[in-house]
Amino acid sequence: MSNVNSIYEEANKALARSFKKSTNIGFEDYNLKSLLKGESFSSKEYELSESFTDEETREIQTLNLNIREKIRKQFGKHSQVKNTIGGHPDFNYLKDSNSVKNGFAVTLFIDIQGSTKLGVSYSPDLVFLIKNTIIKCVIETIQAFDGHVHRIMGDAVLAFFRSGKSARESAIDALNCGTLIVEFMRSIVCPYLAGQGVEKDVGIRIGIDYGEKESVIWGMYGYPGASEITATSFFVDIAAKLQQKAPRNRILIGKSLKELLDLPNDVWCYKLKKSKDPESIEYYITPNYTDADGKAINYNQYVLNHNEYLSMLPIEDKSSTSKIQIDAVLKKKGKPSNDQYKPCSRIIKPSLGIEFKAKLEVSESIREFKVKFRVRNTGAEAAKEDNNANHETIIESSDSLVKEIYPGYYRCNHWENTSFLGLHFMYVSVLDNKDKVIIPEERFSVYVGDPLIESN
């Protein structure tokens, strides 16, 4: 079961309270669970209230969404969040220096698509509460992933990610952030609005791209008293274009970000001009700009495979459904460590290894079995090795690495090196003595590579 609903539970309540006022229907009739079961209805059956009182608006507006803390706990983040908007903390000093500074940026643009149509069916104050609930969720989710909200522009939000001044860490945070926001819209907001008879094309579009240090300039636009510290780069502008071209409730990423993480084709696909026409591929961002020599830039764009990437993130509670639970600790072989790693949460330096800790629920009638750890590597660096350096390790239940916790429950530890840049996968399954699968594979995803940290 996904924990996205629990992460955004208070936002769901804010939407419910808004519609409770507008339709005079009890809040209990508007819970997400019933909506997802299809027990929806049209708001046209009810008489809309004319307006909200200041007190009612304030009650909805001040509801504590409590999103940041929930997300950070899920993704193993512990540092304090900077709750600021505008400029950028790394470069705000430039307003007093009359100078500019190079510095990488992972840029995320997000826009609420089709929100204008809300105004056709609902009063301005209800539209404001709906849109602001969405914007507040976006802001808190960005901050939960150590992103910085640079600007709010009506229905749109611009954010920069410079997590720990690490380019790859920032790219991962931006992807994870965008994915949770998309899922929030898909699983909560869109079903909710559909339950009120709102047009189905209300959603969001997200564009993300990366500009390296040498290609991004930070500086002050304007003059003292009427200024803004912001980033200037082709890659910042391209992120905005990607957002404009993104399909509804999807993320469109640029070539630079894809190559930074060397993302495998498991998690992306090409954008289609028409969703049902596989021949109408849009390989490049449009309009296809030309350089100074008149040559087309041909800058590639990719749609993030939302469902596949979401399934890799640490937001599912599998404790009640899966018979294999996988945890991971980053460490050097033979050295103690308590550096817990959540799947796809951050970049792992190649100098570290991973100790995978599999908890197994095996039928008490089975006393002899095998635990299979299967590694699948991706990316250009791994491709230089024979079979991508993919391999399997079989551990017998009689091995000292397998320990019975209590009848029917076991723990098995296995250590692996980290070597290649990319997104890689560990699969764990349980076999009987005849190599027949008795517990299917569970997957654990890891990012590996040089974090690319700026020195200043």
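Residues numbered from 1 in each chain as written. Predicted model: local features only at pLDDT ≥ 70, side-chain atom pairs only at ≥ 80, totals over all residues. Heavy atoms only, no water.

J.: An account of the overall build of the protein is requested, with residue identities and associated values reported.
T.: Regarding its fold elements, the protein presents 12 helices and 22 strands. The burial tally for the protein puts 50% of its 456 residues in the buried class. A separation threshold of at least 6 residues defines the contact pool for the protein, and within that pool the share at least 24 residues apart is 75%. Accessible area for the protein stands at about 21600 Å²; split by element, carbon and sulfur atoms hold 47% of it. (Helix = DSSP H or I, 4+ residues; strand = E, 2+ residues; numbered from the N terminus. Buried < 20%, exposed > 50% of the residue type's maximum accessible area, 1.4 Å probe, protein only. Contact = heavy atoms within 4.5 Å. Areas by Shrake-Rupley, 256 points an atom, 1.4 Å probe, with all protein chains shown as cover.)

J.: Which residues make up the sheet that holds strand β15 (residues 347-348), and what are the values?
T.: As summarised here, the arrangement of the five strands in space is β15-β22-β21-β17-β18, forming an open sheet in which the pairing is mixed. Looking at which strands have only one partner, the edges of the open sheet turn out to be β15 and β18 (391-396). Pairing of strand β21 (residues 422-431) with strand β22 (residues 437-448), which is carried by nine bridges, proceeds in the antiparallel orientation. Its bridge partner being in β22, M426 is matched across the sheet by F444. (Pairing = 2+ DSSP bridges.)

J.: So what's going on with the layout of surface pockets? Residues and values would help.
T.: Considering only enclosed or pocket space, the largest pocket measures out at about 790 Å³ in volume. Looking at the largest pocket, it is lined by 37 residues, and the ones nearest its centre are K77, S79, D146, S163 and G164. Among the secondary structure elements, those contributing two or more residues to the lining of the largest pocket are β3 (147-153), α8 (167-195), β14 (339-340) and β15. For the lining of the largest pocket, the per-class residue count stands at nine nonpolar, 15 polar and 13 charged. (1 Å grid on protein atoms, 1.4 Å probe; cavity = no way out; pocket = protein on both sides within 12 Å on 5 of 7 lines; lining within 4 Å. Points joined across faces, edges and corners; volume = space filled by probe spheres on them. Nonpolar A, V, L, I, M, F, W, Y, C, P; charged D, E, K, R; others polar.)

J.: Can you break down α8 residue by residue, with the values?
T.: A rise of 1.5 Å per residue sets the reference length of α8, with its 29 residues, at 42 Å; its end C-alpha atoms lie 41 Å apart and thus fit the reference within 8%. Largest kink in α8: about 35°, centred on M185. G197, located one to two residues past α8, shows a positive phi value of around 80°. (Expected span 1.5 Å × (residues − 1). Bend = angle between axes of the 7 residues up to and from the residue.)

J.: Can you tell me about empty space enclosed by the protein, naming the residues and giving the values?
T.: Inspection of the entire model under this criterion finds one cavity of 30 Å³ or more. Size it by volume and the largest cavity reaches roughly 30 Å³. In this structure, the largest cavity is lined by F234, I238, I285, P287, N288, Y289, I297, N298 and Y299. Considered class by class, the residues forming the lining of the largest cavity number seven nonpolar, two polar and no charged.

J.: Tell me what's going on with the packing of helix α7 (residues 124-144) against α8, and back it up with residues and numbers.
T.: Where α7 contacts α8, the two axes come as close as 10 Å, and the packing angle between them is 155°. Regarding the angle of α7 to α8, the classification is roughly antiparallel. Where α7 crosses over α8, the two elements pack in a sense that is right-handed. Contacts between α7 and α8 involve I130, I134, C137, V138, T141 and I142 from the first element and C177, L180, I181, F184, M185, V189 and L193 from the second. Partitioned by chemical class, the residues of the contact of α7 with α8 number 12 nonpolar, one polar and no charged. (Axes fitted to C-alpha atoms, helices over the stretch in contact; angles between N-to-C directions. Parallel < 35°, antiparallel > 145°, perpendicular 65-115°, else oblique. Left-handed = near helix turned anticlockwise from the far one by under 90°.)

J.: Can you tell me about the environment of P440, naming the residues and giving the values?
T.: Tracing the chain through its elements places P440 in strand β22. A residue is classified by how much of its surface remains accessible, and P440, at 55% relative accessible area, is exposed. Counting along the chain gives 12 residues from P440 to V428, while the straight-line C-alpha distance between them is 8.0 Å. With residues near it in sequence (within four places) discarded, P440 still touches I324, V428 and S429.

J.: Which residues make up the sheet that holds strand β13 (residues 324-331), and what values go with them?
T.: Overall, antiparallel pairing links the five strands, which are arranged β14-β13-β16-β20-β19 in an open sheet. The two strands at the open ends of the sheet, each matched to only one other strand, are β14 and β19 (402-406). Inspection of the sheet shows β13 paired to β14 by two bridges, in the antiparallel sense. When the sheet's bridge partners are listed, V329 is paired in β14 with Q340.

J.: Describe unusual backbone geometry, listing the residues and the values that go with them.
T.: Of note, the amide linkage connecting T286 to P287 takes the cis form, showing an omega dihedral of 0°. Secondary-structure assignment places P287 in the loop between β11 (281-282) and β12 (301-304). Positive phi outside glycine occurs at D146, with the angle close to 65°. Mapping D146 onto the fold places it in the loop between α7 and β3.

J.: So, the nonpolar core: which residues are in play, and what are the values?
T.: If you look at the biggest cluster of nonpolar residues, it comprises 102 residues, and the most contacted ones within it are Y8, L175, I208, L360 and Y447. Among the elements that take part in this core, α8 stands out by supplying 16 residues, more than any other. If sequence neighbours within four positions are ignored, L360 has contacts with K323, I324, F369, V371, G408, Y409, Y410, C412 and V430. Judged by nonpolar contacts, the second largest core, of 13 residues, contains F91, F160, A231 and A240. (Core = buried A, V, L, I, M, F, W, Y, C linked by side-chain atoms within 4.5 Å.)

J.: Tell me about the confidence of the model for the protein, and name the residues and values.
T.: Scored by pLDDT, the protein comes out at a mean of 87, with 88% of its residues at no less than 70. Between residues 23-50, whose pLDDT stays under 50, and residues either more than four places distant or in other chains, the model counts 53 contacts. (pLDDT = per-residue confidence, 0-100.)

J.: Just give me the short version of the pairing of β19, but keep the residues and values in it.
T.: Pairing analysis gives four bridges linking β19 to strand β20 (residues 409-417), with the strands arranged antiparallel. From the neighbouring strand, E404 faces β20, where its bridge partner is Y410. Taking the residues between adjacent antiparallel strands as the criterion, β19 and β20 are bridged by two residues, where G408 takes a positive phi near 90°.

J.: Describe the pairing of β12, listing the residues and the values that go with them.
T.: Judged by which residues are buried, β12 turns out to be covered on both faces: Q301 and V303 on one side and Y302 and L304 on the other are all buried. Across three bridges, the pairing between strand β8 (residues 250-254) and β12 is antiparallel. Paired with L252 across the bridge in β12 is V303. Pairing geometry for strand β9 (residues 268-269) and β12, over two bridges, is antiparallel. By the bridge assignment for β12, W268 is matched with L304.

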